[in-house]
Amino acid sequence: MLQMVHPQPKRLEDYRPIVGDAVVDEILRLADRLKGARVAHVNSTAFGGGVAEILQSLVPLMQDVGLEASWQVIEGSDEFFNVTKACHNGLQGMDVPFTDSMKALWTRYNQLNGEQFEGEYDFVVVHDPQPAGLISFAPPGTGRHWIWRCHIDTSHPHPAYWDFFLPYINAYEVAVFTMRQYVDPGVQGPSIRIIAPTIDPLTPKNRDIPLEEAWSEVEKFGIQRYKPLVTQVSRFDPWKDPLGVIDAYRKVRKEFPETQLALVGSMAADDPEGWYYLDKTCRHAGEDDQIFILHNFHGVGAYQVGCFQTVSRIIVQKSIREGFGLVVSEALWKGKPVIGGDVGGIPLQVLDGQTGFLVKSVEECAEKMRRLLRDPRLAEQMGQAGKDHVRRHFLITRHLRDYLKLLDELRP
Ligand code: UDP
């Protein structure tokens, strides 16, 4: 059996005051038709990164509305996760080698995990490339409908990786992508769905945290309350460009010398490269003691991330590739303007000039930071517009509804 994850229970009814009756009632109607359906979600980590974040909420909400939903994670060694990280990078277009021994290692672990997959599910939802081979190695009869949920940007994949993964992807009945642009024409087998990810407004991270409470938490890390704070929350990863954020911040310091920068990032269990990139980021920051580089080993958990997002003047997400970027919606939901890289799913959330700014360079990022630091009223307005935008499009209830619709359509 694969390792089961047991997230905290959740109640759909608790979301009614936030999203309204129509949304909740539609979910209940759809769920009624799927009562007792057995759904297995499979991914590669129970902690760290956007997929784990989503499953923490989606799985218990599916259970609450009457589905028999489970969440299982595959097992792998550091060596395997080094390969899957290379796959992640290669599928997002990075020029990295993909050797025969890497392919063999990926296949071996997918086979081992596939053979351990047990049960009889109406729907198996496999998340991302790491366990994509499960469908080929799982015992017959374990899954009736197989869905591959891709959370990354596969619009310009490295051909060596894409050619290797395509036969696995094409074995699925349905492939779900975040954006239409991510779908390569080679995806021929599955029917395609477009579903954007969402955030859960009731988690310790995203619930309303009073400003006073949030500041006293953030102050514990040495950050000063009366000086402006700019924050980026993300894994230490080249695509998230923490080095570029530091460069932009340095340009801003000339006009706003008191500004502090926090780079907050959790170390995901399936991302061994994170440690290397963390070191690189620290070296880039050097001795600057107004730059705070923090992660879960400093005690920055989900709640603290929410506190940082709550007290920051500006949130930056200067990615150069991004599947969706849950952190953007998380920040907008807290009424903060976001300066985001003009890539992937960020423009779905950052409407340029309305909920923040889209940027393509360090220089532009610095310029928009200065603009928002100079004009707190504009920052406030953008943050409010962002919150409304997230309420309409990027809350977990919309995600749950989209999944229920999909499962309902697949039933015979
Ligand atoms: N996250 C966190 N602690 C951190 C850094 C990130 O809890 O120190 C969370 C973050 O709040 C978000 C998720 O991890 O919910 C990252 O998702 P996103 O889609 O932004 O990026 P991914 O890591 O999946 O590429």
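Being a predicted model, the structure only gives us computed values, none of them experimental.

A. Molecular detail of the overall build of the chain. When helices and strands are counted, the chain shows 16 helices and 13 strands. Over its C-alpha trace the chain gives a radius of gyration of 21 Å, about what one expects of a compact globule, namely 22 Å for 412 residues. If you line up the chain on its principal axes, its C-alpha atoms span 65 × 50 × 35 Å. Within the chain, buried positions represent 60% of all 412 residues. Within the chain, contacts between residues separated by at least 24 positions form 72% of all contacts whose residues are at least 6 apart in sequence. Accessible area of the chain: about 16300 Å², with a carbon and sulfur share of 50%. Measuring between centres, the 45 positive side-chain charges of the chain sit 5 Å from its 54 negative side-chain charges.

B. Geometry of the nonpolar core. Val39, Met62, Leu67, Ile147, Leu400, Leu404 and Leu407 are the most contacted members of the largest nonpolar core, which totals 54 residues. Listed by contribution, the elements that provide at least two residues to this core are α1 (16–19), α2 (21–32), α3 (50–64), β3 (68–73), β4 (121–127), β6 (174–177), α12 (326–333) and α16 (396–410). Not counting the four nearest positions on each side in its chain, Ile147 is found in contact with Val124, Val125, Val126, Tyr172, Val174, Val176, Leu406, Leu407 and Leu410.

C. Inspection of α2 at higher detail. Taking 1.5 Å of rise per residue, twelve residues should cover 16 Å, and α2 covers 16 Å from first to last C-alpha, within 8% of that figure. Taken together, the buried positions of α2 are occupied by Val24, Ile27, Leu30 and Ala31. The buried residues of α2 occupy an angular sector of 125° when the element is viewed end-on, so they sit on one face. Exposed and oriented more than 90 degrees from the buried face of α2 are Ala22, Arg29 and Asp32.

D. Molecular detail of the pairing of strand β10 (residues 291–294). In β10, alternate side chains face the same way, and those of Ile291 and Ile293 on one face and Phe292 and Leu294 on the other are all buried. Relative to β10, strand β9 (residues 260–264) runs parallel, the two being bridged by four bridges. From the neighbouring strand, Val264 faces β10, where its bridge partner is Leu294. Handedness of the β9-helix α10 (residues 273–285)-β10 crossover: right-handed.

E. Molecular detail of the site of the ligand. Taken together, 16 residues lie around the ligand, and Gly50, Lys205, Lys240, Ser266 and Glu330 are the ones closest in. Lys205 places a side-chain nitrogen or oxygen 2.7 Å from an oxygen atom of the ligand. The side chain of Arg235 places a nitrogen or oxygen atom 2.7 Å from an oxygen atom of the ligand. Look at the ligand: alone it shows 540 Å² of surface, and the protein chains cover 89% of it. Put simply, the parts of the chain that give the shell around the ligand at least two residues each are α3 and α12.

F. Region of the structure containing the sheet that holds strand β1 (residues 3–5). Pairing is mixed in the open sheet, where seven strands are placed in the order β1-β3-β2-β4-β5-β6-β7. Because the sheet does not close on itself, it has two edges, and the strands there are β1 and β7 (191–194). The mean inter-strand angle of the sheet, taken between neighbouring strand axes irrespective of direction, is 30°. One ladder, built from three bridges, connects β1 with β3; its direction is antiparallel. When the sheet's bridge partners are listed, Met4 is paired in β3 with Gln72. Strands β2 (38–43), β4, β5 (143–149), β6 and β7 of the sheet are contacted by α16, whose axis makes an angle of about 140° with β5.

G. How the structure looks around unusual backbone geometry. One non-glycine residue, Asp128, lies in the positive phi region at around 75°. Asp128 gets classed as buried once you look at its relative accessible area, which sits at 8%.

H. Representation of the side chain of His389 within the structure. In this fold, His389 is placed in helix α15 (residues 376–393). With a relative accessible area of 9%, His389 lands in the buried category. Once residues within four sequence positions are removed from consideration, His389 is found in contact with Leu348, Gln349, Leu351, Thr355 and Phe394.

I. Spotlight on the packing of aromatic side chains. For the structure shown, the criterion picks out 17 aromatic pairs. One cation-aromatic arrangement involves Lys368 over Phe357; the distance from NZ or CZ to the ring centre is 4.8 Å. In this structure, Lys387 packs its charged tip against the face of Trp333, placed 4.6 Å from the ring centre.

J. Summary view of the packing of α2 against α16. Running from N to C, α2 and α16 cross one another at 25°; their axes reach a closest spacing of 10 Å. In terms of orientation, α2 and α16 fall into the roughly parallel class. For the element pair α2 and α16, the recorded crossing hand is left-handed. Contacts from Val23, Glu26, Ile27, Leu30 and Ala31 of α2 reach α16 at Thr397, Leu400, Arg401, Leu404, Lys405 and Asp408. The class makeup of the residues in the contact of α2 with α16 is six nonpolar, one polar and four charged.

Rules and cut-offs
Residues numbered from 1 in each chain as written. Predicted model: local features only at pLDDT ≥ 70, side-chain atom pairs only at ≥ 80, totals over all residues. Heavy atoms only, no water. Helix = DSSP H or I, 4+ residues; strand = E, 2+ residues; numbered from the N terminus. Rg over C-alpha atoms; globule rule 2.2 N^0.38 Å. Buried < 20%, exposed > 50% of the residue type's maximum accessible area, 1.4 Å probe, protein only. Contact = heavy atoms within 4.5 Å. Areas by Shrake-Rupley, 256 points an atom, 1.4 Å probe, with all protein chains shown as cover. Lys, Arg positive; Asp, Glu negative; His and termini not counted. Charge placed at Lys NZ, Arg CZ, Asp CG, Glu CD. Core = buried A, V, L, I, M, F, W, Y, C linked by side-chain atoms within 4.5 Å. Expected span 1.5 Å × (residues − 1). Arc of directions from axis to C-beta. Pairing = 2+ DSSP bridges. Right-handed = clockwise from strand over helix to strand, strands pointing away. Near = heavy atom within 4 Å. Polar contact = N/O pair within 3.5 Å; in protein donor to acceptor, adjacent residues only side chain to side chain. Axes fitted to C-alpha atoms, helices over the stretch in contact; angles between N-to-C directions. Phe/Tyr/Trp six-rings, centres within 6.5 Å; stacked < 30°, edge-to-face > 60°. Lys NZ or Arg CZ within 6 Å of the ring centre and 35° of its normal. Parallel < 35°, antiparallel > 145°, perpendicular 65-115°, else oblique. Left-handed = near helix turned anticlockwise from the far one by under 90°. Nonpolar A, V, L, I, M, F, W, Y, C, P; charged D, E, K, R; others polar.

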